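Structural features, examined
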Amino acid sequence: MPTSQTAQTTPQDSSLTSRTASAPTPGRSYRADLTLFMVIAFAVSWLSWGVAIALGGTETNAAANAPFMLGAFGPLVGALVLRVRRRRRGEPVPGHVVPFRWALLPKALLLLVLGSVTVLAAALLASRAGGPELSLDVAKDAVEDFGGPAAFLVGMLVSGPLSEEPGWRGTAYPRLREKLGTFRVCLVLGVTWAVWHLPLFFIDGTVQHDLGLATPSGVLFVASNIPMAMLVTAAYERAGIAASIAGHFAVNTTMILLAVEEPKVQAMILGIQTLTVTALLLTHRTERLRRAGSSR
């Protein structure tokens, strides 16, 4: 007489099945991560900068310095929250994350030089075209305002490159890249970056406040976020977060040392960085296609 066999399910099997069923798909998980990251980055930065604005700005009230500096770390806070969240959930690292490797450090240093060269070349061309002349005195004054060379370099490294790149490139970029191509991701991050910077135009004592939002210099500063985002993204794709930090640091530092404020210089930087980024992205794409072809 035939007997029916009933499959037995152990408690371990049912637990594994339950976890698998409830695990979010990568696409849905990345969308949730991006939303959470953006909310944290903007909330921390804009609330902090809002306090600095309410206090009258760093130029007139020393108490505004703390919230002003804290605001720069919004993207880093968002990145740290997402990393802790991912590890607790046991989720894999996004496929487009570029890991840091010591062997890539020389490439990061080359990209640092390239970032500085884009600004210096633009300033030189602008001066030849009737723009402001380059002056060592301006650079010396900028360093002295920070309290000396060491304080200047540390300040330029922490406020901007270290406080932002782990968020924009190290966290947002790989998740956006799962659905979008590199060029479209650069546009999205460039526009987002420009919007994120807007409160700085209302904090007395900042470079952005001195430029003014409704001026040619202010408009060019906002527009420059897009080629800048492309430049540091191209660096990230080649050598990871160290390279994007290096590129960001080089551009910011050179612009401060040269006191880049005139529209003519800003327009030159915009053009040169756009051409540089186009060459970098096309070269990187060609390299990827060649590697993909050789692996078949």
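This text goes with the structure placed above it.
Now for a look at the structure at hand. (Residues numbered from 1 in each chain as written. Predicted model: local features only at pLDDT ≥ 70, side-chain atom pairs only at ≥ 80, totals over all residues. Heavy atoms only, no water.)

When helices and strands are counted, the protein shows eleven helices and zero strands. Written out in order from the N terminus, the α and β elements of the protein read α-α-α-α-α-α-α-α-α-α-α. Out of the 296 residues in the protein, the part that is buried amounts to 41%. Partitioning the intrachain contacts of the protein with sequence separation of at least 6 by distance along the chain shows that 78% fall at a separation of at least 24. Carbon and sulfur atoms make up 65% of the accessible area of the protein, which totals about 15,900 Å². (Helix = DSSP H or I, 4+ residues; strand = E, 2+ residues; numbered from the N terminus. Buried < 20%, exposed > 50% of the residue type's maximum accessible area, 1.4 Å probe, protein only. Contact = heavy atoms within 4.5 Å. Areas by Shrake-Rupley, 256 points an atom, 1.4 Å probe, with all protein chains shown as cover.)

What follows concerns the pattern of salt bridges. Should their charged atoms come close, side chains of opposite charge can pair. Counted under the stated rule, the structure contains four salt bridges. Glutamate 91 is the salt-bridge partner of arginine 89, the closest N and O atoms lying 3.5 Å from each other. Between arginine 169 and glutamate 165 there is a salt bridge; the shortest N-O distance is 2.8 Å. Here glutamate 165 and arginine 169 lie together in helix 7 (residues 149-177), a separation of four residues that amounts to about one turn. Take glutamate 165: its relative accessible area is 0%, and that puts it in the buried class. Three or more residues are tied together by salt bridges with common partners; here these are Asp33, Arg85 and Arg175. (Salt bridge = Lys/Arg side-chain N within 4 Å of Asp/Glu carboxyl O.)

Turning our attention to helix 6 (residues 136-146). Side chains of residues three or four places apart in an α-helix project in the same direction, reflecting 3.6 residues per turn. Considered for burial, the residues of helix 6 that qualify are Ala139, Ala142 and Val143. Summarising the axial view, the buried residues of helix 6 lie within an arc of 95°, below the 170-degree limit, and thus occupy one face. Of the residues in helix 6, the exposed ones pointing more than 90 degrees away from the buried face are Lys140, Glu144 and Asp145. Packing partners of the buried residues in helix 6 comprise helix 7 and helix 10 (216-257). At the N-terminal boundary of helix 6, the capping side chain belongs to serine 135, with an oxygen 3.2 Å from the backbone nitrogen of aspartate 137. After helix 6 finishes, the residue glycine 147 shows a positive phi value of roughly 105°. (Arc of directions from axis to C-beta. Polar contact = N/O pair within 3.5 Å; in protein donor to acceptor, adjacent residues only side chain to side chain.)

Within the secondary structure, glycine 56 sits in the loop between helix 2 (26-54) and helix 3 (65-71). With a relative accessible area of 33%, glycine 56 lands in the partly exposed category. Through-space distance from the C-alpha of glycine 56 to that of phenylalanine 202 is 9.4 Å; in sequence the pair is 146 residues apart.

Glancing now at unusual backbone geometry. Negative phi characterises most residues that are not glycine, and trans characterises most peptide bonds. A positive phi is found at alanine 259, a non-glycine position, where the angle reads about 50°. Position of alanine 259 among the secondary structure elements: in the loop between helix 10 and helix 11 (263-294).

If you add up the space inside the largest pocket, you get close to 1,300 Å³. At the level of elements, helix 3, helix 6, helix 7, helix 8 (182-197), helix 9 (207-211), helix 10 and helix 11 are the ones that each hand at least two residues to the lining of the largest pocket. A total of ten residues in the lining of the largest pocket trace back to one element, the largest contributor, which is helix 10. Of the residues contributing to the lining of the largest pocket, the split by class is 22 nonpolar, 15 polar and five charged. Roughly 370 Å³ of internal volume is contained in the second largest pocket. Lining the second largest pocket are 18 residues; nearest its centre among them are Arg83, Val97, Pro166, Gly170 and Thr171. (1 Å grid on protein atoms, 1.4 Å probe; cavity = no way out; pocket = protein on both sides within 12 Å on 5 of 7 lines; lining within 4 Å. Points joined across faces, edges and corners; volume = space filled by probe spheres on them. Nonpolar A, V, L, I, M, F, W, Y, C, P; charged D, E, K, R; others polar.)

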